[in-house]
Amino acid sequence: MHIEVRGLNKKFGDFQAVADVDFEIEKGQLIGLLGPSGGGKTSILRMLAGLETVDDGDIVFHGKRVNDLPPQERGIGFVFQNYALFKHMTVAENIAFGLEVKKWSKQKIKERVAELVDLTGLSGFEKRYPHQLSGGQRQRVAFARALAPEPQLLLLDEPFAAIDAKIRHELRSWLREMIDRLGITSIFVTHDQDEAIEVADQIMIINKGRLEQKGTPWEIYKNPESPFVASFIGESTIIEDVSALRGFGGSGELPGTKALIRPEYVEIGKEHDFELLSATETGRVRHIHFRGSEWLVEVQIGAAKLVTYRSLEKEILQPGDEVRVLIHRAYLFNDTNSWVMENKLKEDPMPVHI
Amino acid sequence: MRRLWIGLTVAVFSVLLIIPVIRIAMGAFDEGWGGFARGLARPETLHALYMTGLIVVIVTIVNTLFGVMLSLYLVRATWLGNKVKQLLNSIVDLPFAVSPVIGGLMIVLLLGPETALGALFNKAGIDIVYALPGMIIATLFVTFPLVVREVMPVLQEIGSAQEEAAATLGASAWTTFWRVTWPSIRWCVVYGVVLTVARAMGEFGAVLVVSGNILFKTQTATTLVYQDVENFNLTAANSIALVLAAGSVTLLLLMEWAKSRREVH
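If you're wondering where the values come from, they're calculated on a predicted model, not measured in any experiment. Per chain, residue numbering runs from 1 following the sequence as it is written. Starting at A for chains and at 1 for ligands, labels are handed out in the order in which the entities are written. Only residues with pLDDT of at least 70 are given local features in this predicted model, and only at 80 or more are side-chain atom pairs given and counted; all residues enter the totals for whole chains, interfaces and linings.

**Description of the overall build of chain B**
Per the convention used, a helix needs a DSSP run of H or I reaching at least four residues, while a strand needs a run of E reaching at least two, with both numbered from the N terminus. Of the regular secondary structure elements, chain B holds 13 helices and zero strands. The N-to-C order of helical and strand elements in chain B reads α-α-α-α-α-α-α-α-α-α-α-α-α. Its C-alpha atoms put chain B at 70 × 65 × 35 Å along the principal axes. Partly exposed residues are those whose C-beta has more than 12 but fewer than 20 other C-beta atoms within 10 Å; 20 or more makes a residue buried and 12 or fewer makes it exposed, with C-beta atoms placed from the backbone. Buried positions account for 37% of the 265 residues belonging to chain B. Contact between residues is assigned whenever the C-beta positions, reconstructed from backbone atoms, fall within 7 Å. Within chain B, contacts between residues separated by at least 24 positions form 77% of all contacts whose residues are at least 6 apart in sequence.

**Let's talk about the overall build of chain A**
Per the secondary structure count, chain A includes eight helices and 19 strands. Expressed along its principal axes, the backbone C-alpha trace of chain A runs to roughly 80 × 45 × 45 Å. Residue burial in chain A is summarised as follows: out of 354 residues, 39% are buried. At a minimum sequence separation of 6, the contacts of chain A that also span at least 24 residues come to 64%.

**What to know about the interface of chain A and chain B**
Across the boundary between the two partners, chain A contributes 18 residues, which contact 15 residues of chain B. Amino acids are sorted into nonpolar (Ala, Val, Leu, Ile, Met, Phe, Trp, Tyr, Cys and Pro), charged (Asp, Glu, Lys and Arg) and polar (every other residue, Gly among them). Grouping the constituent residues of the side of chain A that touches chain B by class yields eleven nonpolar, five polar and two charged.

**What to know about the domain arrangement of chain A**
Residues and elements named next belong to chain A. Assigned domains within chain A: domain 1 (3–232) and domain 2 (237–342). Residue ranges labeled as domains rest on an automatic or database domain assignment. For domain 1 and domain 2, the distance between their C-alpha centroids amounts to 39 Å. Residues that form the side of domain 1 that touches domain 2 fall into these classes: three nonpolar, two polar and no charged.

**Overview of the nonpolar core**
In this usage, the nonpolar core is the set of buried Ala, Val, Leu, Ile, Met, Phe, Trp, Tyr and Cys residues whose C-beta atoms join them within 7 Å. In this structure, Leu33(A), Ile44(A), Ala144(A), Leu155(A), Ile261(A) and Ala330(A) are the most contacted members of the largest nonpolar core, which totals 100 residues. Leave out the neighbours within four places in its chain, and Ile44(A) touches Leu8(A), Val18(A), Val21(A), Leu33(A) and Ile206(A). Formed by 54 residues, the second largest nonpolar core is a distinct cluster that contains Val59(B), Tyr191(B), Leu195(B) and Ala241(B).

**Some points on the domain arrangement of chain B**
Residue and element names in this part refer to chain B. Looking at chain B, the domain boundaries give domain 1 (1–30) and domain 2 (42–264). Taking only C-alpha atoms into account, the centre of domain 1 sits 30 Å from that of domain 2. Taken together, the contact between domain 1 and domain 2 spans six residues of the former and seven residues of the latter. The class makeup of the residues in the side of domain 1 that touches domain 2 is four nonpolar, one polar and one charged.

**A closer look at the sheet that holds strand E5 (residues 64–65) of chain A**
All names here are of chain A. If you trace the four strands from one edge of the open sheet to the other, you get E2-E1-E4-E5, paired in antiparallel fashion. Whereas interior strands pair on both sides, the edge strands pair on one side only; in this sheet they are strand E2 (15–25) and E5. By the bridge criterion, seven bridges tie strand E1 (residues 3–12) to E2 in an arrangement that is antiparallel. Paired with Lys11 across the strands is Gln16, a residue of E2. In this description, strands pair whenever DSSP reports at least two bridges between them.

**What about the packing of helix H3 (residues 43–76) of chain B against helix H10 (residues 173–202) of chain B?**
Residue and element names in this part refer to chain B. At a minimum axis separation of 9 Å, H3 and H10 run at an interaxial angle of 145°. Note that H3 runs across H10; the crossing there is right-handed. In this structure, H3 uses Thr52, Ile55, Val56, Val59, Thr60, Asn63, Thr64, Gly67 and Val68 to contact H10, whose residues at the interface are Val189, Gly192, Val193, Thr196, Val197, Ala200 and Met201. For the contact of H3 with H10, the residue count by class is nine nonpolar, seven polar and no charged. Each axis is a line fitted through C-alpha atoms, taken for helices only over the stretch in contact, and angles between the N-to-C directions span 0 to 180 degrees. Two helices that cross are described as forming a left-handed crossing if the nearer one is turned anticlockwise from the farther one by less than a right angle, and a right-handed crossing if clockwise.

**Re the packing of helix H2 (residues 91–101) of chain A against helix H3 (residues 106–119) of chain A**
Residue and element names in this part refer to chain A. Running from N to C, H2 and H3 cross one another at 130°; their axes reach a closest spacing of 10 Å. Classified by the interaxial angle, the pair formed by H2 and H3 is oblique. Considering how the two elements wind past one another, H2 and H3 form a crossing that is right-handed. Of the residues in H3, those touching H2 at Ala92, Ile95, Ala96, Leu99 and Glu100 are Ile109, Arg112, Val113 and Leu116. Convention used here: angles under 35 degrees read as roughly parallel, angles over 145 as roughly antiparallel, angles from 65 to 115 as roughly perpendicular, and any remaining angle as oblique.

**Points about the sheet that holds strand E12 (residues 258–261) of chain A**
All names here are of chain A. Strand order across the open sheet formed by four strands is E11-E12-E18-E19, with antiparallel pairing between neighbours. The outermost strands of the open sheet, each flanked by one partner alone, are strand E11 (237–239) and strand E19 (338–342). Along the sheet, successive strands turn relative to each other by an average axial angle of 30°, direction set aside. With three bridges joining them, E12 and strand E18 (residues 329–333) adopt antiparallel strand pairing.

**Concerning the confidence of the model for chain A**
What pLDDT conveys is the predictor's confidence in a given residue, as a value from 0 to 100. The predicted model of chain A averages 87 in pLDDT, with 96% of residues at 70 or higher. Per-element confidence in chain A is highest for H2(A), whose mean pLDDT is 95, and lowest for E19(A), whose mean pLDDT is 81.

**A few points about the pairing of E12(A)**
Inspection of the sheet shows E11(A) paired to E12(A) by three bridges, in the antiparallel sense. Paired with Ile239(A) across the strands is Ala259(A), a residue of E12(A).

**Regarding the environment of Thr42(A)**
Residues and elements named next belong to chain A. Positionally, Thr42 belongs in helix H1 (residues 41–49). Under the C-beta neighbour-count criterion, Thr42 is labelled buried, with 21 such atoms within 10 Å. Through-space distance from the C-alpha of Thr42 to that of Phe188 is 9.2 Å; in sequence the pair is 146 residues apart. The residues touching Thr42, leaving out its near neighbours within four places in the chain, are Asp157 and Val189.

**Structural notes on helix H9 (residues 161–168) of chain B**
Among the eight residues of H9(B), seven are classified as buried, and the element is accordingly described as predominantly covered. Those residues of H9(B) that sit buried are Gln162(B), Glu163(B), Glu164(B), Ala165(B), Ala166(B), Ala167(B) and Thr168(B). Summarising the contacts, the buried residues of H9(B) are in contact with H1 and strand E6 (76–79) of chain A together with helix H8 (132–158) and H10 of chain B. Gly170(B), located one to two residues past H9(B), shows a positive phi value of around 100°.

The following block contains the structure:
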């Protein structure tokens, strides 16, 4: 289903939950609404579902304005954060509910339920009640129940929030696979950036009720359009005076310009690790943290403190060690603008051609 | 010390509950089966029991229906402001705080024959006070919080997510209520109904004030017991009281059963 949202606004009392949100979603895409808690993501999702009234703006499904349609008539499936399974019904009854309401024939309901039970890997659990299932299984029942009446749009509110980390990973890829197979337009809400980056075709970053940026995960990572997006996606440190760093001289001309540097923009090592020593700085290791699959190194350069990752295969650094630091790029921003700046000294000023 | 406390508790319990019931049973049978049967078979007894039964049935039906509706509105309605909800919520408890006699008096003052409203109804041929309608209103007033107070906390606890899920699956409000909400609250409603029946059966003060206790007309079982005691007809009074007590005990057993069912889901 093609979805268009124009000038969407929602207030709860004095609190502006959603402010002037516009976006368009192509058929068959999986969209992640990402942002901090209380940022308005769930309100947007609930307005799309018709569970919340719209104060101002239009929601258009397939070229038809649906603002005044109740949830029953919007042709959507909704997966709730805590699944909201009907607790006095079995798995099969939960899945069949939407079909019974739509007055499908007994035979067709039976077939559809069997199909969904199979699809979601719940075979053998049809007769169980929700309280007899694990979190992951409940999630899949909620998913099957939402999909049963063949909705055109699937909305998922923090679908993995209540599931432990290991199963969450499995479920994520399972969901991605399932949605690809069905080709159903889907929107999910999450506050977990890894989840959004891993699963979504496109991410919409929502903050304080506003849509900060929409794009593929890679675009958002590479070209953040606002300081908020830059700092929200990935890890980063903010540097007050970037012109003091080697390779970024002259960038501090505009007053109030700050830099955001991601760990992966920074490389550290001994002198022989770098071809262009002139582009590097001298720094001192302050702390090292073991991160399971790599080291997280905090390094001090003058007044600035940066963090970076270091492979476990490399020589282990100790706090206090002197190292060379190469900053590949920085994301600069001030009150009006933001832009990405590459290290100017990385290009060899005097290339030697043999 | 501990023994003393246990002894004291047992003593209070028996003085307050057990001994009166035994005393009533003994009083009812002090002339043997014959006295008990004679007390019950009097036409005024039969009429009074009929009145009580009629009031219980009507009050229970009305109270259950509107109690469930009000609970739903107070918990779920988004069109009611929070302030209004709080106000209504505290008004629901009013009958708990006000003595039933005062409640009855309010009805007499509002709908009695001398008042404008009462006169209006009288002209239309409907007597409210000193007639069945007033007695029903008085009993409704007294029992009103019982169902609401049972159902509201459960509605709050289960939240609206299941109902919203039903809506997104295409279920109408009616289907959602019967298939999703009702199964979660039914045992609480049963519990509230049992409490309502027990309270309606035993109500005395409010009914006495609005009924005028007119023989063969507005006399209920409880007010007949009162009148029999006044007339030193103790055997008959004890017989009716015993029947009422037996009814209450049955209800209490039912209530225990409803309570255990309520905890299952």
